[in-house]
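Structural overview for review
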Amino acid sequence: MTQNPGLLQFSGHQYLRHRLVISILSGKAVRIDKIRSDDKNPGLRDYEVSLLRLLERVTNGTVIEISVTGTAVLLKPGIIAGGSVTHECPLSRSVGYFLEPIVMLAPFAKRPLQLTLRGITTDDNDLSVDIIRTVTLPHLQLFGVSEGLELRIKKRGSPPQGGGEVQFLCPIVKQVKTINFVEPGKIKRIRGISHAVRVNPQFSNRMIEASRSVLNRYIPDIYLYSDVYKGEDSGKSPGYALSLLAESTTGVMHCAEATSKPGVPPEDIALLASRSLLADIKRGGCVDRQHQTLVLLMMVLGSEDVGRCRMGEPTARTIQFLRDVKESFGTAFKIVPADPSDTSAPNLVYSCYGVGYVNANRSLA
């Protein structure tokens, strides 16, 4: 792979975020080249440069070198400092793109992180702030990061103009717990948040009605909240979205969301979200597809013990993530079918031996 044992080398623009996170956590420098080298517009995009700037502010002593053409980047990691940080996100990606890697790093900071991000809060490409607040953060709580962990949505911001603002507060931990999460349980309740900004407030209720028409057939315990933002707090562009969350008896969470598109009525958005929630529940497992990498990373960093988790089939992103983790931490996962007799939903149990990662950055008060 590389001549220098302390340097990780990758090529291509995909999976940039998790490679930077792995580099910072493992303390190994990373070099990523051939970033869109064959593209008409080669090199890093504005949101990727913005992410590098954000990582530079959240850490201390990190050196980032970008080549003249922008097609190669070298990152020499420093320590994760935390503290109070404010960052303006470009309007090409939502704040979810920036929050995902930060959520992985923040528990291992020197000081608790208080991060304010401004920009688009909900779009089609990345996790919305609602999903991060209601699903991603509870996944972090499984690993013992809980006291004072919160995401506040101060203002909504729909594409294209944005104008939203969120505040992410994360405590620090010495070490993450090992998990054994293999019982999917039965779905006991469904919760949802519908929001409509700078459009008729009735849109929110129409989404709730349409979503209930599908979900009421399955379970009675459904609460869909209508989240109303007025005036300045509703950002600069009109838009609406529905985020749904199904919780099981063992604490498993399945989530789905759909955001407004021009010319599509709110009912269709709600039906899309409801059906994708049901599809996600059908896939089974204890962790949904968007959160596979977060949970697997925390399992790798866990105490020196065997962590186990049941999930669906790995996505392309997860497969690459497992390869990168093996390269940087030397940890390989054992993946076996959860129930060899059941062929309908191919659930797998992922198990690995944690590296016993200890947060050496934190201030010893």
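Presented here is a report on the structure given in the accompanying data block. (Residues numbered from 1 in each chain as written. Predicted model: local features only at pLDDT ≥ 70, side-chain atom pairs only at ≥ 80, totals over all residues. Heavy atoms only, no water.)

What to know about the sheet that holds strand β17 (residues 334-337)
To keep it simple, the criterion reads: At least two bridges found by DSSP between two strands is the condition for calling them paired. The secondary structure listing takes helices from DSSP runs of H or I that are at least 4 residues long and strands from runs of E that are at least 2 residues long, numbered from the N terminus. Note on definitions: a residue-residue contact is assigned when non-hydrogen atoms from the two residues lie within 4.5 Å. Angular values range over 0 to 180 degrees, each being the angle between N-to-C directions of two axes fitted as lines to C-alpha atoms, with helices fitted over their stretch in contact.
Spatially, the four strands line up as an open sheet ordered β11-β16-β18-β17, and their pairing is mixed. The outermost strands of the open sheet, each flanked by one partner alone, are β11 (180-181) and β17. By the bridge criterion, two bridges tie β11 to strand β16 (residues 306-311) in an arrangement that is parallel. By the bridge assignment, F181 is partnered in β16 with C309. Packed on one face of the sheet, helix α7 (residues 292-301) meets β16 and β18 (348-353) and runs near 165° to β16.

A short note on the packing of helix α5 (residues 202-215) against helix α6 (residues 266-283)
Keep this limit in mind: Any angle that falls under 35 degrees is termed roughly parallel, while one over 145 is termed roughly antiparallel, one within 65 to 115 roughly perpendicular, and all others oblique. Crossings are sorted by hand: turned counterclockwise from the far helix by less than a right angle, the near helix makes the crossing left-handed, and turned clockwise it makes it right-handed. Each residue receives one of three labels: charged for Asp, Glu, Lys and Arg, nonpolar for Ala, Val, Leu, Ile, Met, Phe, Trp, Tyr, Cys and Pro, and polar for the others, Gly being one of them.
Two elements in contact, α5 and α6, have axes whose closest approach is 8 Å; the angle formed by their N-to-C orientations is 40°. Classified by the angle between their axes, α5 and α6 sit oblique to one another. For α5 against α6, the interelement crossing comes out right-handed. Every residue of α6 that contacts α5 at F203, R206, M207, A210, S211, S213, V214 and L215 is listed here: P266, E267, I269, A270, L271, S274, L277 and L278. Partitioning the contact of α5 with α6 into residue classes produces eleven nonpolar, three polar and two charged.

Observations concerning the pattern of salt bridges
How we decide: Whenever a carboxyl oxygen of Asp or Glu lies within 4 Å of a side-chain nitrogen of Lys or Arg, that contact is scored as a salt bridge. Burial classes: relative accessible area under 20% of the type maximum marks a residue as buried, over 50% as exposed, and values in between as partly exposed (1.4 Å probe, protein chains only).
Tallied over the full model, the rule gives 18 salt bridges. A salt bridge links D39 to R45; its shortest N-O distance comes to 3.3 Å. The exposure class assigned to D39 is partly exposed, which follows from its relative accessible area of 36%. In this structure, R191 engages D221 in a salt bridge whose closest nitrogen and oxygen atoms are separated by 3.3 Å. Of the two residues, R191 sits in strand β12 (residues 187-197) while D221 sits in the loop between α5 and β13 (222-227), which places them 30 residues apart along the sequence.

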